[in-house]
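# Observations on chain architecture
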Amino acid sequence: VGYTKEGHSLETRELGLSTAGVWAIGKLLFQISLKLLPRGSEFLELGSGSGTAELAKNFKMTSIEHYSGWIDLYDSKYIHAPLVNEWYDPTAILEGLKNRPAGSPNYAGILIDGPSGSDRRALFTNFMNLFDLSQWIFFDDIHREFEYQAYLTMTGVLHRTHAEYIDDNGKAFGIVAPSGQENKLKQAASDLGLMPYKP
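Residues numbered from 1 in each chain as written. Predicted model: local features only at pLDDT ≥ 70, side-chain atom pairs only at ≥ 80, totals over all residues. Heavy atoms only, no water.

### Points about the overall build of the protein chain
The criterion, for reference: Think of it this way: any DSSP run of H or I at least four residues long counts as a helix, any run of E at least two long counts as a strand, and we number them from the N terminus. Should any heavy atoms of two residues lie within 4.5 Å, those residues are considered in contact. All accessible-area figures derive from a Shrake-Rupley calculation using a 1.4 Å probe, and residue coverage is judged against the displayed protein chains alone.
Along the backbone of the protein chain there are six helices and twelve strands. Contacts in the protein chain between residues at least 24 apart in sequence constitute 57% of all its contacts with a sequence separation of at least 6. Total accessible area on the protein chain stands at roughly 9400 Å², and carbon and sulfur atoms take up 49% of it.

### Describing the side chain of Ser48
Of note, Ser48 is situated in the loop between strand E3 (42-46) and helix H2 (50-55). Sequence-distant contacts of Ser48, that is, excluding residues within four places in its chain, are made with Ser63, Ile64, Glu65, Trp70, Tyr74 and Tyr78.

### Here's the deal with the nonpolar core
The line we're drawing: As used in this record, nonpolar core signifies buried Ala, Val, Leu, Ile, Met, Phe, Trp, Tyr and Cys residues forming a set joined through side-chain atoms within 4.5 Å. When a residue's accessible area, from a 1.4 Å probe over protein chains only, is under 20% of the maximum for its type it is buried; when over 50% it is exposed; and in between it is partly exposed.
With 31 residues, the main nonpolar core has Leu46, Ile64, Trp87, Ile93, Phe124, Phe131 and Met154 as its most contacted residues. Listed by contribution, the elements that provide at least two residues to this core are E3, strand E7 (87-88), helix H3 (90-98), strand E8 (109-112), strand E9 (136-140), helix H5 (145-158) and strand E11 (172-176). By residue number, the principal contributor to this core is H5, which donates five residues. Contact partners of Phe124, with chain neighbours within four places excluded, come to Leu46, Trp87, Ile112, Phe131, Leu133, Phe139 and Met154. Core analysis: the second largest hydrophobic core is formed by 25 residues, Leu29, Phe30, Met61 and Trp136 among them.

### Concerning H3
Selection rule: What the arc measures is the spread of directions leading from the helix axis to the C-beta atoms. In protein, a polar contact means a hydrogen-donor-capable atom and an acceptor-capable atom, both N or O and within 3.5 Å, with residues adjacent in sequence counting only if both atoms are side-chain atoms; elsewhere, any N or O pair within 3.5 Å suffices.
Every buried residue belonging to H3 is among Ala92, Ile93, Gly96 and Leu97, and all of these are buried. Across the axial projection of H3, the buried residues extend over an arc of 125 degrees, all falling on one side. Facing away from the buried side of H3, by more than 90 degrees, are the exposed residues Thr91 and Lys98. Where H3 starts, the residue carrying a side-chain oxygen 3.0 Å from the main-chain nitrogen of Thr91 turns out to be Asp89.

### Concerning the packing of aromatic side chains
Using the following cut-off: The aromatic pairing rule takes the rings of Phe, Tyr and Trp, using the six-membered ring of Trp, and pairs them if the centres are within 6.5 Å, calling planes under 30 degrees apart stacked, those over 60 edge-to-face and the rest tilted.
Taken as a whole and judged by the stated rule, the model has ten aromatic pairs. On the numbers, 4.2 Å between centres and 0 degrees between planes, the contact of Trp87 with Phe127 is stacked. With Trp87 in strand E7 and Phe127 in the loop between helix H4 (118-121) and E9, this residue pair connects regions lying 40 residues apart in the sequence. In this structure an aromatic cluster arises from ring pairing among Phe124, Phe131, Phe139 and Tyr151.

### As for the sheet that holds E9
Paired through their backbone hydrogen bonds, the strands of a sheet run either parallel or antiparallel. Inclusion rule: Strands pair, by our definition, only if DSSP identifies at least two bridges between them. The axes are straight lines fitted to the C-alpha atoms, using for helices just the contacting stretch, and the angles between their N-to-C directions are given from 0 to 180°.
Spatial ordering of the open sheet is given by E5-E4-E3-E8-E9-E11-E10-E12, a layout of eight strands whose pairing is mixed. Both outer strands of the open sheet, strand E5 (76-80) and strand E12 (195-196), are each paired with one neighbouring strand and no more. Bridge count between E3 and strand E4 (residues 60-65): five bridges; the pairing is parallel. Its bridge partner being in E4, Glu45 is matched across the sheet by Ser63. Packed onto the sheet, H3 meets E3, E4 and E5 and runs at close to 145 degrees relative to E5. Across the sheet, helix H6 (residues 182-192) lies against E9, strand E10 (162-166) and E11, angled at about 15 degrees from E10, the strand it touches most.

### Here we look at H6
By the burial criterion, the buried members of H6 are Leu185, Ala188 and Ala189. All buried residues of H6 fall inside an arc of 95 degrees around its axis, so they share one side. Along H6, exposed side chains directed more than 90 degrees from the buried face belong to Asn183, Lys186 and Ser190. Residues of H6 that are buried make contact with helix H1 (27-36), E9, E10 and E11. At the exit of H6 stands Gly193, carrying a positive phi of roughly 65 degrees.

### Some details on the pairing of E4
Selection rule: Handedness of a crossover is defined as follows: orient the strands so they point away from the viewer, and if the path from the first strand over the helix to the second runs clockwise, the crossover is right-handed.
Most of E4 is tucked away: five of the six residues are buried. In this region the chain leaves E3, passes through H2 and returns to the parallel neighbour E4; the handedness of that crossover is right-handed. With five bridges connecting them, E4 and E5 associate as parallel partners. Bridge pairing links Ile64 to Ile79 in E5.

Given below as structure tokens:
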């Protein structure tokens, strides 16, 4: 068992991507993010967890988080956005993203993994306009019905190549490729031997 700097206990399993085996991205999602995003690039995540620690070893992380207990636990720029009507406070998100350094490049990727609670996360589709969705998009936990329907709604709006995969633990995730990057997604999935998700 490992501990965060605030003393919260963590079960370290696989790549340290497990907190009690539940609230973290899976190993395969982590591995494919390393193949698709340039090391050192900016990565925006909705929902912070023990996976943030591993991602921060490879990317410049920004984490949108509603739970004050997770703020500043890991090497990430945190945007504290308390829940308003079951989703992150949009005003806090806009303010946090506005305060990025002048001339900062667009995020190379966005990970949708929060807020906690399947029905809450599905509300992302109501707030897509807050984000630049032209980059790589990773949508975690689409093996759950609310997330899967939200993912389908998002991909239906974006009209870009996307693919869904499942890991050995039954966790599924979807990836939307930026325009012109479709072959990179196929190659990365092939290299890792990812299994397609078939709900």
